[in-house]
Amino acid sequence: MTISAAASATATTTAAATAAARLLNGNRLPGKSQKYEKLIKLPQQMQTSLSGSATSVTGTQTDADASADADADTDASVDCGHFNKHFGNGYATPSVTPATAPTPTPTPTLISMPSNLLHNTHITDRTLLLPHEEATTGAANGFRVSGIVTYKSKSNGNCSSDFNSTSSMSIGGGHATASSLSSSLCHCCNLIARRCIGINKRRCVLALFAITVVSILYYTHYVGTDMFDGLIQRDTHPAPIINCRMINAAGKHVRDASPAPDHRSEARLRIDPKVLVFVETTYSGLGRDIAELLVYNRIKYKIEVAGKSLPVLTNLDKGRYGVIVFENLDKYLNMDKWNRELLDKYCREYSVGIVGFVSPSEETLVGAQLRDFPLFVHTNLRLRDASLNPSSSVLRLTRAGETAWGALPGDDWAVFQHNHSTYETVEWAQRNTQEYPADSVGQVQLPLTTVLQDRGQLDGIQRVLFGSSLRFWLHRLVFLDALSYLSHGQLSLSLERMILVDIDDIFVGEKGTRLQPDDVRALIATQKIIASMVPGFRFNLGFSGKYYHHGTREENLGDDFLLQNVQDFNWFSHMWKHQQPHLYDNLTLLMAEMQLNYAFAKEHNIPTNSGYSISPHHSGVYPAHELLYLAWKQVWNVKVTSTEEYPHLRPARLRRGFIHRNIMVLPRQTCGLFTHTMYIDRYPGGRDKLDESIQGGELFQTIVYNPINIFMTHMSNYGSDRLALYTFQSVIKFLQCWTNLKLASAPPIQLAEMYFRLHPEEVDPVWGNPCDDARHKKIWSKTKNCESLPKFLVIGPQKTGTTALYTFLSMHNSIASNIASPDTFEEVQFFNGNNYYRGLDWYMDFFPADTLPNTSSPLPTALGSPRYMFEKSATYFDGEAVPKRAHALLPHAKIVTILISPAKRAYSWYQHQRAHGDIIANNYSFYQVITASDSAPRALKDLRNRCLNPGKYAQHLEHWLAYYPAQQLHIIDGEQLRLNPIEVMNELQRFLKIQPLLDYSNHLRYDVKKGFYCQAVSEKRNKCLGKSKGRQYPSMDERSGKLLQRYYLNHNTALVKLLKKLGSRPIPQWLKDDLSTGT
């Protein structure tokens, strides 16, 4: 056999090879690794040393080669000896050619035989080329060892074939890879195949089946060992690389920084904390960015399109806006003279400042002077390396002293030049010399002003001008500081920031994704580092005890080590088996699962008094699953939870909190790490994307904009590459570099109390429709169905004929209402009052999916037939919170209201209360009630308000129209409903698009005794409303009538304007009469 090869010589010594072999033996597990010793054992005689960078050795097979060949055959027989009893020894006869060249001195080396050499080599018999056991010297250096096994079988009829196999073994960290097993198996397979030639096919099949079974058993056992775990371990834990000149290694500022300036002055008392934003169009990009930033920081604002007349700027002696923002500075500079003078006068009189952005344009300006200002601009520049002016009085939230290295986003930057002392630079940048190499040769690059402050020395108006949009993250911070400075502190944000990091799914996870002891040590060490920068910081661990000790041996040790250090962390409960609570319809079963986790905590000394819990996948928190809240209270005494789903996951800036069943629900934030985010090189977008989020991006801004931050992470983020440790240590250091924020941490209950002190308006929840959000639908009870929710609402007001309309609607076989309430009868009264706090489940119980047939209908439907559901609650009309709540749950519902003369309605309500024995109504005349002063007893004032307030029709309809479009609102003339209900009901059916139409002329008949229409049960019998309906009472006294005509004059006039604005709605006759009488 002739062999030609080219290889590089190695300097590895035999002693090193022996040491590496000992290293392999040292890593062996008793009873396991010995099984594979022969699979990685290499023939001693195959050691060859090839010296020279490109030395060629050519010769025939030597005696040593033949000996090695024989040894290999022997080893193969040992490895696969249980097959030999089925085969003979013949079919491959060795052919040895006398040596023509001396054999080199054996030394440890790397032998690699490329397969392409075999095509040029004549092999008459089998040749085994495998590295020696001593060749594992390269193990410590991560060398790659390749072996080539080549056989040529003896011809036997048509059966002649070559068997070539190349195996690869990567050696690193003291372990051989699994490919060594593959190499040895290939050796065995080739031997079997060689011996199969010409023998009984049945024996061959049995042999191949046997080796397959053995291979599977070997591989399965091999994968389960720590040896294999070591093979896939990677040392890729990223280290924080935030370079901050102001911060030392301990996270402390190198020199004491001056405190952030306080922008507050007495001038702020004359302006409201609101921003007026002038945009070019309602769809402009920068205008949208400005609005989103204001929403994120809960700053009130009003959007106006530039070029139109100015909005009202004052309210009595107070300015309505604290800062004026122009998306395009040109719109301010080129404003018409009248509006410009009016706006400037407002700014000077109320000390209101202006923020302006230089808008990019196709035309490049060089030294162009701004109109009426000693200020010059250069546009369409590419810049890099931004830094802030430490002496700027604008900066408060933002800290100066660092440089944002690298190219700045965009190629349309504008820079300012000035020659007046009223101007001061806030931000500098350098021209991007990489973009303009010819211009930078031999020149000193001077800093260019990109953000400029105007102190107002020229015209008495302070301004902050930006040379680019908010695409650059630093501009977002400076913009917030500009609002604070120009509003004299009225729009200042708090500098206090609270951070809590939850680690969900402790003990939960597949093998290979869980924590090992080294990961726990790193967790503790990093916690100490973060605590030095964030006082009170501790990781908050959420556990599911069912999966304790469900990992590999090392991961189980990690579980134990975590519990040995249980006192170093805060703890909270997940579900026992990490199941989703919304799947439970039985409170007892749900509590039993929680009690298992509680017992596990007690057994392992895990604290159980945190008062905090997280539901897996936020199931049952929102949309609220009532059983979860009940079980939490009874088993864990939960007082606080958090979710990222309220009201929706996206956009994150709109996440809010609420309180339900005395459990405070806080908004939870994401940090860009999810369950599968374990390795830095597999992070979506790569490490640069993660660093972008940390260094001024989404994660950084989340902490800046939210006073209280609860972050969701998972156990898997702390193993493998430990990305969570890298992420939070880095972002906290970056925050210290660039902001004056005061970071701290506290337990969840303290954070919740702080949150609702800051945002008391969020205490009451707003229940949304789960079916409008795919994520919500997945974590909502399977027993609930959105189709059973009402399609339209009859909202009142009271004493206008709503009960009659309810009765007429119930006669239709395709329409059904809610199940009657034991307290409020046909009215659920969910969207107003305390019923709303009972939750969505309580409301939906009035609308079961299997709605009962409509027995009031002339044509009853079968059980379970599709129904057009509705709800009638007459108190909804003037409920302050009702339109918002109703729209959140039923955004597509149609709204039906009935209007009569407001004076007549007020008097009817008074008489209704007298008939029901109201003490105040029976002790005060109607005139005394409607003229009661604010100093009157509370009960009297309440009755006065219920008589008068619902009649302010235009005001309440405008409130509904703020949430529902006019196309979804139907107004019924109450007088027409009483006099001509058939036509009214036909029109209502057309509005609701009800099919089939019910001919009410066959089912309604005027009742002479009652004085109104009733349901015609038969030719001679009518079914009318009860005695309390259509009640006759004395006429209103003239004095009260005239007073009410005057009282409602403006409201009725506004109603006429509104009806004309809505169009296609005739003015009711009663409204015309009220207006003519009132005037």
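Residues numbered from 1 in each chain as written. Predicted model: local features only at pLDDT ≥ 70, side-chain atom pairs only at ≥ 80, totals over all residues. Heavy atoms only, no water.

As annotated in an unreviewed UniProt entry, the protein chain carries the name [heparan sulfate]-glucosamine N-sulfotransferase and comes from Drosophila busckii. Quoted verbatim from the Sequence similarities (unreviewed entry) heading of the UniProt record, the comment on the protein chain is "Belongs to the sulfotransferase 1 family. NDST subfamily." Recorded in UniProt for the protein chain, the comment headed Subcellular location (unreviewed entry) runs: "Golgi apparatus membrane". (UniProt positions renumbered as here; feature names shortened; annotations may be inferred.)

Engineer: Sorry if this is basic, but what is going on with the overall build of the protein chain here?
Structural biologist: When you go through the protein chain residue by residue, the secondary structure sums to 33 helices and 37 strands. Expressed as a percentage of its 1079 residues, the buried residues of the protein chain come to 53%. Long-range pairs, those at least 24 residues apart, make up 77% of the contacts in the protein chain between residues at least 6 apart in sequence. Accessible surface, the protein chain as shown: approximately 49,600 Å² in total, 52% of it carbon and sulfur. (Helix = DSSP H or I, 4+ residues; strand = E, 2+ residues; numbered from the N terminus. Buried < 20%, exposed > 50% of the residue type's maximum accessible area, 1.4 Å probe, protein only. Contact = heavy atoms within 4.5 Å. Areas by Shrake-Rupley, 256 points an atom, 1.4 Å probe, with all protein chains shown as cover.)

Engineer: I tried to follow the environment of Ala482 on my own but got confused; where do I start?
Structural biologist: Within the secondary structure layout, Ala482 lies in helix 11 (residues 473–486). The class for Ala482 is buried, based on a relative accessible area of 0%. The sequence separation of Ala482 and Val464 amounts to 18 residues, and the corresponding C-alpha distance is 6.6 Å. In this view, Ala482 contacts Val355, Val394 and Val464; residues no more than four positions away in its chain are not counted.

Engineer: Sorry if this is basic, but what is going on with the sheet that holds strand 25 (residues 658–660) here?
Structural biologist: In a beta sheet, neighbouring strands are held together by backbone hydrogen bonds and run either parallel or antiparallel to one another. An order of 24-26-25 is seen for the three strands of this open sheet, with the pairing classed as mixed. What marks the edges here is a single partner per strand, and that holds for strand 24 (640–643) and strand 25. Neighbour to neighbour, the strand axes of the sheet diverge by 30° on average, direction disregarded. Here four bridges tie strand 24 to strand 26 (residues 663–667), and the two strands are oriented parallel to one another. (Pairing = 2+ DSSP bridges. Axes fitted to C-alpha atoms, helices over the stretch in contact; angles between N-to-C directions.)

Engineer: When you look at the pattern of salt bridges in this model, what are you seeing that I'm missing?
Structural biologist: Applying the stated criterion across every chain yields a total of 34 salt bridges. Arg661 serves as the salt-bridge partner of Glu626, at 2.4 Å between the closest nitrogen and oxygen. Here Glu626, found in helix 15 (residues 626–635), pairs with Arg661, found in the loop between strand 25 and strand 26; they are 35 residues apart in sequence, far enough to count as distant. Judged by relative accessible area, which is 36%, Arg661 ranks as partly exposed. In this structure, the salt-bridge partner of Lys1042 is Glu1038, at a minimum N-O distance of 3.2 Å. Here Lys1042 pairs with Glu1038, and both are found in helix 31 (residues 1038–1047), just four residues apart, close to one helical turn. A relative accessible area of 45% means that Lys1042 is categorised as partly exposed. Glu1038 sits in the exposed class, given a relative accessible area of 59%. Through salt bridges that share partners, Arg298, Arg656 and Glu762 make up one connected network. (Salt bridge = Lys/Arg side-chain N within 4 Å of Asp/Glu carboxyl O.)

Engineer: Is there a simple way to think about the sheet that holds strand 36 (residues 1012–1016) in this case?
Structural biologist: Strand order in the open sheet formed by three strands is 35-36-37, with antiparallel pairing between adjacent strands. Here the strands that pair on one side only, and so sit at the sheet edges, are strand 35 (1004–1007) and strand 37 (1022–1023).

Engineer: Help me out: how do you make sense of the nonpolar core in this one?
Structural biologist: Soluble globular proteins tend to bury their nonpolar side chains together. In terms of nonpolar packing, the biggest core is built from 169 residues, with Phe479, Phe539, Phe831 and Tyr843 touching the most fellow members. Looking at this core, the element that brings in the most residues is helix 18 (residues 723–738), giving eleven residues. Every residue in contact with Tyr843, bar those within four places of it in the chain, is listed here: Leu789, Pro790, Leu793, Val828, Phe830, Phe831, Glu871, Leu889 and Leu890. Core analysis: the second largest hydrophobic core is formed by 30 residues, Ile271, Tyr332, Met335 and Cys347 among them. (Core = buried A, V, L, I, M, F, W, Y, C linked by side-chain atoms within 4.5 Å.)

Engineer: Explain the state of the cysteines here, please?
Structural biologist: Within the structure shown, the criterion is met by three disulfides. There is a disulfide in this structure between Cys1014 and Cys1024, and the S-S distance comes to 1.9 Å. Between Cys1014 and Cys1024 the disulfide shows an S-S torsion of about 105°. By sign, it is right-handed. Remark: Cys1024 occurs in the loop between strand 37 and helix 31 and Cys1014 occurs in strand 36; sequence separation between them is ten residues. Here Cys1024 falls in the partly exposed class, since its relative accessible area comes to 26%. (Disulfide = S-S within 2.5 Å.)

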